[in-house]
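Descriptive structure summary
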Amino acid sequence: MGHLGRNVRAGLMDAFREAIRTGRLAPGTRLPSSRVLATDLGLGRNTVVRVYSELISEGWLTGLHGSGTQVSQRAAELVGERPRPRTPGTRPEPVHDLRAGRPDLSSFPRDEWIRAVKRTVSTAPFDAFGYTDPRGRSELRDALARYLARARGLRARADNVIVCSGAAEGLRLVAAALATAGVMTVAVEEFGLQTQRQALVKAGIDAVPIPVDAEGVDLSRLDRAPCPGAVLLTPSHQFPLGVALRPDRRAGIVDWARRRGTLIVEDDYDGEFRYDRSPVGALQGLDHDHVIYLGTASKSLAPGLRLGWLVLPDHLVGAIAAEKGDTEETVGFVNQLAMTDFIESGAYDRHIRAMRSQYSRRRRQLVETISQHSPTARVVGMSAGLHVVLEQSGRTGAELVRRAAREQLTIEPLDIFRHPGSTSDRDGVVIGFAAPSPSSWSGALDALVRTLR
Ligand SMILES: Cc1ncc(COP(=O)(O)O)c(C=O)c1O
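Residues numbered from 1 in each chain as written. Predicted model: local features only at pLDDT ≥ 70, side-chain atom pairs only at ≥ 80, totals over all residues.

A look at the sheet that holds strand β4 (residues 161-164)
Sheet strands pair via backbone hydrogen bonds, and the direction of the pair is either parallel or antiparallel. Rules: Two strands qualify as a pair provided that DSSP identifies no fewer than 2 bridges between them. Counting from the N terminus, the helices are DSSP H or I runs at least four residues long and the strands are E runs at least two residues long. Note on geometry: axes are C-alpha line fits, over the in-contact stretch for helices, and angles between N-to-C directions span 0 to 180 degrees. Here contacts are defined at the residue level, using C-beta atoms placed from the backbone and a cut-off of 7 Å between them.
Here 7 strands make up an open sheet; going across it, the order is β4-β12-β11-β10-β9-β5-β6 and the pairing mixed. What marks the edges here is a single partner per strand, and that holds for β4 and β6 (206-210). Each neighbouring strand pair of the sheet contributes to a mean axis angle of 20°, computed without reference to strand direction. For strand β5 (residues 185-189) and β6, the ladder comprises 5 bridges, and the chain directions are parallel. Residue pairing across strands places A187 opposite V208, the latter belonging to β6. Helix α8 (residues 194-202) rests against β5, β6 and β9 (230-233) of the sheet, and its axis sits at about 140° to β6.

The structure is reproduced here in structure tokens:
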């Protein structure tokens, strides 16, 4: 093993000793198998095997045949003191994270991504290294147009695609272009991302709420209000309430946009993840002249890539490209070309399939565990995506968040997604079940069960 490998091993051993010393890993705690931990940390399995065996020989861990590796009961003696009890009144550090919208980062397909980067950087034309087209690399726009037509039912050509730095930049560009075109208001779902409402407001646009019921946005409310310049929707899986827009409402909203000459901005943030059936196609497939499609790699791969895409009606491509500037300023060519290779080699489909089965299994475990242990709690939302809404009779969302904190679990109240102008009395918490690594999932679920007790 080289110098680098030794450093990694030493670092991991220190991290274990420190966790045991501070009591974060209590005596008797079972550790993940070397294979699982290696995958979670993106390390070679041999590295983890050696770390475990050295810590066993130092007495920190015990390796019992059949029961895996555990923190040794003698560990406290090695430290020379018992793990420090918590001072009453202080809040323990969160250990588990079930916030919405975060994919499992430990499952990022590092090896395949590295191969894609290597292949594309070796073969990229010189011009890729220079200042490039603000719409993004043509190779990626082409690959996305084909992928989105196949996987999400879009009607798209590469000319309609603009690459951006996540859906967040996509929406900022759309908001700026709408404002330039004189749009003063955009209707938004009464529950949604505050950052999206802020992006509109920053562009000088009012974000007005429309109610959402069990079948998506209530269209009758759109016709009653003064006509907005556009409506921002999550039709395939409402964020965060988790419902799908009813089929006749899908058709209805497209009709409405045509009649009123307005636009629909479709945020298809987690459209690939449907577990009870194959995903319903994007709304854009119904009308590519009135729908602006917003996509992202943040759920399907990782938010840190900052990769997103817009698919635009022909008449908007020029205006949105102009908002981006004369050259590409936000998305580097390495990520763009790696993503192109990743899609075209089939690695993207494979990764999505693997994550779909992992997330689907987790969602099922979540629903079953809660129905077994917490009869007063209810999981709301369809079998899709990376999150659910959880309601518990007799407890508010804020109470659940506080109880969770005592179990070292971070969750978010539904309230933080509510538009200040909403009149809905819905309450609860939003649970993102995708974020934990495979080895920490069951611990997070246990902490949730204790929260609901
Ligand atoms: C509703 C919704 N849209 C879009 C996104 C993705 O944003 P971005 O692509 O900027 O990471 C998220 C991520 O949290 C989201 O929850």
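Remarks on the environment of L222
So the rule is basically this: Whether a residue is buried, exposed or partly exposed is read from the other C-beta atoms within 10 Å of its own C-beta, which are placed from the backbone; 20 or more gives buried, 12 or fewer gives exposed, and intermediate counts give partly exposed.
By the secondary structure assignment, L222 is in helix α9 (residues 220-224). Owing to 19 C-beta atoms within 10 Å, L222 belongs among the partly exposed residues under this scheme. Distance from L222 to T376, taken between C-alpha atoms, is 35 Å for residues 154 residues apart in sequence. Contacts of L222, omitting those with residues within four sequence positions, involve A187, I210, V231 and W256.

Quick word on the site of the ligand
Quick reminder of the rule: For each residue, a C-beta atom is positioned from the backbone; the residue is called near a molecule or strand if that atom sits within 6 Å of it. The nonpolar class holds Ala, Val, Leu, Ile, Met, Phe, Trp, Tyr, Cys and Pro. Asp, Glu, Lys and Arg form the charged class, and all remaining residues, Gly among them, are polar.
Around the ligand, 13 residues are found, and the nearest of them are G101, G166, A168, T296 and S298. In the shell around the ligand, the residues fall into 6 nonpolar, 6 polar and 1 charged.

With respect to the environment of P436
Locating P436 in the fold gives a position in the loop between β17 (429-432) and α15 (441-452). Distance in space between the C-alpha atoms of P436 and S107 is 9.9 Å, their sequence separation being 329 residues. Not counting residues up to four positions away in its chain, the partners in contact with P436 are H96, D97, D104, W441 and A444.

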